[in-house]
Amino acid sequence: MTEQRSHQHDRDHDHHPEPPSEVEARALALESLLREKGLISGEEIDRIVSAYEHDIGPMIGAAVVARAWVDPEYRQRLLAEPAAAVAELNPGAPNATNLAVVPDTPEVHNLVVCTLCSCYPWAVLGLPPSWYKSAAYRSRAVSEPREVLKEFGLALPESVRVNVWDSSSDLRYMILPERPAGTEGWSEPELAAIVTRDCMIGVALPQVPAAVRS
Amino acid sequence: MGGMHGFGPVQTEPDEPVFQAAWEGRVLALQARTRGRWYHLDEFRNAIERMPAARYLDASYYERWLTALETLMVEKGVITRDELATGHATAPAPQPPPRPADDRPPLRPRFRIGDRVVTRNAHPRGHTRMPRYVRGRHGAVRTVNGPFLLPDTNAHSRSRDWEPVYAVEFWVRELWGLDSDDCVCVDLWESYLEAET
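Just so it is clear, the model here is predicted, and its values are computed rather than measured.

Caption draft 1: Region of interest: the overall build of chain B. The helix and strand inventory of chain B stands at seven helices and five strands. Each helix and strand of chain B, ordered N terminal to C terminal, gives the series α-α-α-α-α-β-β-α-β-α-β-β. Seen through its C-alpha atoms, chain B measures out along the principal axes to roughly 60 × 45 × 30 Å. For chain B, long-range pairs separated by at least 24 residues make up 62% of all intrachain contacts whose partners lie at least 6 apart in sequence. Entry remark: accessible area of chain B is about 10100 Å², with carbon and sulfur atoms responsible for 50%. Each charge sign in chain B was given a centre, from 26 positive and 28 negative side chains, and these centres are 5 Å apart.

Pasting the structure below:
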């Protein structure tokens with residue numbers, strides 16, 4: 001199947017300009033119909049695409065994590081009422097309704113997956129990366145999480161338990177990682193800069209650059 | 001897909017763009033503007049799941065979205081198959097159906113945190129949100145949430161059944177027979193569960 005498809009792929013790229021692929025042509029046809037019928041305008045489409053490309057992304061979650069690291073009361077609010085705590089820091093961001101924030105501890109490492117589709121906390125992390133939506137991640141994160149984490153370069157000691165969260169309902173899960181040692185006295189923006197998307201999914205831990213550590 | 005074999009290692013792509021192609025973002029926007037007006041998320045997921053299994057596995061993420069959108073827009077009478085084939089509208093869209101009233105009841109959970117439960121060994125033909133790998137398994141309630149609409153009936157527009165939803169903790173030993181202290185928490189609607197006896 002793969003081989004066949006790659007041949008097809010080569011053929012499609014033999015001549016220029018490329019005609020739209022079959023799926024692209026279908027997308028264009030549906031868009032033009034819905035626009036003609038007044039359900040959406042081209043400007044609205046542009047606005048939504050631009051919001052997900054520029055404004056809604058992991059920087060929202062990273063700011064929340066950094067604040068939780070420096071402010072214990074905020075951390076409590078974040079765990080108890082996540083949507084309100086996110087809105088408090090990001091007034092213009094989308095409403096994070098039904099968000100659940102799960103804190104890592106020295107004993108437990110948390111990891112998020114959606115085995116049924118690709119549920120993901122869009123409001124705080126933006127759109128999911130391709131690997132999160134892949135069959136490989138969705139099938140294996142629940143059955144062999146430690147092997148999956150190793151593929152991401154994260155080898156956990158046996159003393160740390162792994163707790164996987166399969167987000168099968170209306171709740172969306174975001175991980176609150178532990179603040180790493182060596183970040184004492186850092187400002188919130190400095191802290192937020194080491195909180196990557198992958199840290200809030202649970203496939204990575206916040207890293208302190210070697211130069212800072214020494 | 002939980003526990004299926006044969007998909008290989010997880011392939012990551014550093015600095016991948018938000019959309020792999022422009023049409024993907026436009027499909028997302030079409031979904032964002034039509035969901036909640038013409039159909040809800042459970043119907044959308046069900047439309048994706050109605051794709052033939054082999055096609056589902058072979059399709060890209062946004063190709064699945066596009067397929068579900070085409071299906072629902074036709075089924076809801078917004079467009080016709082003929083219009084889809086030609087790309088030209090021949091009639092205006094009907095008015096969207098009225099939004100359902102806010103009938104969400106207060107949370108009245110049957111189970112409490114720490115309760116031992118067993119999942120029903122049910123295999124419905126239609127939409128459900130109980131993953132196969134937890135059916136007929138023993139676990140314990142970790143958190144109590146909701147109420148949320150039961151997708152099994154909501155996806156088919158049969159009824160609106162609000163139920164508490166529990167994050168149920170399953171040991172990897174129970175799920176996969178492995179000697180491990182790791183666990184998986186899965187969100188499950190109350191009617192998926194029975195008290196352990």
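Caption draft 2: Up close: the packing of aromatic side chains. Applying the stated rule across the entire model yields 18 aromatic pairs over all chains. Considering the side-chain rings of Tyr52(A) and Trp122(A), the 5.4 Å spacing of their centres and the 80 degrees angle between planes classify their relative orientation as edge-to-face. In this pair, Tyr52(A) sits in helix α3 (residues 42-55) while Trp122(A) sits in helix α7 (residues 122-125), placing the two residues 70 residues apart along the sequence. Looking at Tyr52(A), the relative accessible area reads 16%, which means it is buried. Among the residues examined, Trp122(A) registers a relative accessible area of 21% and is labelled partly exposed. Considering the side-chain rings of Tyr132(A) and Tyr137(A), the 5.6 Å spacing of their centres and the 35 degrees angle between planes classify their relative orientation as tilted. Per residue, the accessibility class of Tyr132(A) equals that of Tyr137(A), and both read buried. Here the aromatic residues Tyr52(A), Trp122(A), Phe19(B), Tyr39(B), Phe44(B), Tyr61(B), Tyr62(B) and Trp65(B) are joined through ring pairs into a cluster of three or more. The ring of Tyr74(A) is capped by Arg67(A), whose NZ or CZ atom sits 5.8 Å from the centre of that ring. Residue placement shows Arg64(B) over the ring face of Tyr56(B); its charged tip is 3.9 Å from the ring centre.

Caption draft 3: Structural context of the nonpolar core. The biggest cluster of nonpolar side chains holds 119 residues, and the ones touching the most others in it are Leu30(A), Leu34(A), Leu78(A), Tyr137(A) and Leu188(B). The element best represented in this core is helix α4 (residues 61-75) of chain B, accounting for eight residues. In this view, Leu188(B) contacts Thr119(B), Arg129(B), Met130(B), Pro131(B), Val134(B), Pro164(B), Val165(B), Tyr166(B), Val168(B), Phe170(B) and Leu193(B); residues no more than four positions away in its chain are not counted.

Caption draft 4: Expanded view of the interface of chain B and chain A. Opposite the 70 residues of chain B that make contact, chain A presents 64 residues. Buried area between chain B and chain A, both sides added, is near 5900 Å², and the carbon and sulfur share of it is 60%. When the buried area of chain B at its contact with chain A is split by residue, Val10(B), Arg26(B) and Leu30(B) rank highest and sum to 12% of it. At the junction of chain B and chain A, the tally comes to six salt bridges.

Caption draft 5: Up close: the confidence of the model for chain B. In this model, chain B carries an average pLDDT of 95, and 100% of its residues clear a pLDDT of 70 or more. For this predicted complex, the interface confidence reaches an ipTM of 0.96, while the overall pTM sits at 0.93.

Caption draft 6: A look at the pattern of salt bridges. Enumeration over the complete set of coordinates arrives at 22 salt bridges over all chains. We note a salt bridge from Glu22(A) to Arg26(A), for which the minimum N-O separation is 3.7 Å. Linking Glu22(A) with Arg26(A), this pair stays in helix α2 (residues 22-36), spanning four residues, or about one helical turn. The exposure class assigned to Arg26(A) is buried, which follows from its relative accessible area of 17%. Ionic pairing is found between Arg33(B) and Glu44(A), a salt bridge with its closest N-O pair at 2.7 Å. Note that Arg33(B) is positioned in helix α1 (residues 22-34) and Glu44(A) in helix α3, a pairing that runs across two chains. Given a relative accessible area of 29%, Arg33(B) falls into the partly exposed group. According to the relative accessible area criterion, Glu44(A) is buried, its value standing at 16%. Salt bridges sharing common partners tie together Glu31(A), Arg35(A), Asp46(A) and Arg26(B).

Caption draft 7: Just the packing of α2(A) against α4(B), in detail. Running from N to C, α2(A) and α4(B) cross one another at 40 degrees; their axes reach a closest spacing of 11 Å. By the angle between their directions, the pair α2(A) and α4(B) is classed as oblique. In this structure, α2(A) crosses over α4(B), and the sense of that crossing is left-handed. Between α2(A) and α4(B), the contacting residues are Val23(A), Arg26(A), Ala27(A), Leu30(A) and Leu34(A) on the first element and Glu63(B), Leu66(B), Thr67(B), Leu69(B), Glu70(B) and Met73(B) on the second. Here the contact of α2(A) with α4(B) is composed, by residue class, of seven nonpolar, one polar and three charged.

Caption draft 8: Structural view of the pairing of strand β4 (residues 172-176) of chain A. All names here are of chain A. Among the five residues in β4, five count as buried, and that is most of the element. Neither face of β4 is exposed, since Arg172, Met174 and Leu176 on one face and Tyr173 and Ile175 on the opposite face are all buried. As paired elements, strand β1 (residues 99-103) and β4 share five bridges and run parallel to each other. Within β4, the position partnered with Leu99 by the bridge is Arg172.

Criteria and cut-off values
- Residue positions within a chain follow its written sequence, with the count starting from 1.
- Ligands are numbered from 1 and chains lettered from A, in the order in which they are written.
- A pLDDT threshold of at least 70 governs which residues receive local features in this predicted model, and a stricter bar of 80 or more applies before side-chain atom pairs are shown or counted, although totals over entire chains, interfaces and linings include all residues.
- Derived side-chain values reflect all non-hydrogen atoms in the structure, with water molecules and hydrogen atoms excluded from consideration.
- The numbering of helices and of strands both runs from the N terminus, where a helix is a DSSP run of H or I of at least 4 residues and a strand a run of E of at least 2.
- In this analysis, two residues are considered to be in contact whenever any of their non-hydrogen atoms come within 4.5 Å of each other.
- Only the protein chains shown count as covering a residue, and every accessible area follows the Shrake-Rupley method with a 1.4 Å probe.
- The charge count includes Lys and Arg as positive and Asp and Glu as negative, but it does not include His or the ends of the chains.
- In this description, the location of a charge corresponds to atom NZ of lysine, CZ of arginine, CG of aspartate or CD of glutamate.
- Pairing of aromatic rings covers Phe, Tyr and Trp, the last counted by its six-membered ring, and requires centre-to-centre distances within 6.5 Å; plane angles under 30 degrees mean stacked, over 60 mean edge-to-face, and any other angle means tilted.
- Residue exposure (1.4 Å probe, protein chains only): buried if accessible area is under 20% of the type maximum, exposed if over 50%, otherwise partly exposed.
- The criterion for a charge sitting over a ring is simple: Lys NZ or Arg CZ within 6 Å of the ring centre, and within 35 degrees of the ring normal.
- The term nonpolar core refers to a set of buried residues drawn from Ala, Val, Leu, Ile, Met, Phe, Trp, Tyr and Cys, joined through side-chain atoms within 4.5 Å.
- Buried area: the accessible surface (1.4 Å probe) lost by two parts on joining, summed over both.
- We count a salt bridge whenever a side-chain nitrogen from Lys or Arg sits within 4 Å of a carboxyl oxygen from Asp or Glu.
- Scored from 0 to 100, pLDDT records how confident the predictor is in each individual residue.
- Note on method: axes are straight lines fitted to C-alpha atoms, helices fitted across the in-contact stretch only, with angles between N-to-C directions ranging 0 to 180 degrees.
- Roughly parallel covers angles under 35 degrees, roughly antiparallel covers those over 145, roughly perpendicular covers 65 to 115, and oblique covers all other angles.
- In a left-handed crossing the near helix is turned counterclockwise from the far helix by less than a right angle, and in a right-handed crossing that turn is clockwise.
- For this scheme, ten residues count as nonpolar: Ala, Val, Leu, Ile, Met, Phe, Trp, Tyr, Cys and Pro. Four count as charged, namely Asp, Glu, Lys and Arg, and the remainder, Gly too, count as polar.
- When DSSP locates at least two bridges between a pair of strands, those strands are taken to pair.

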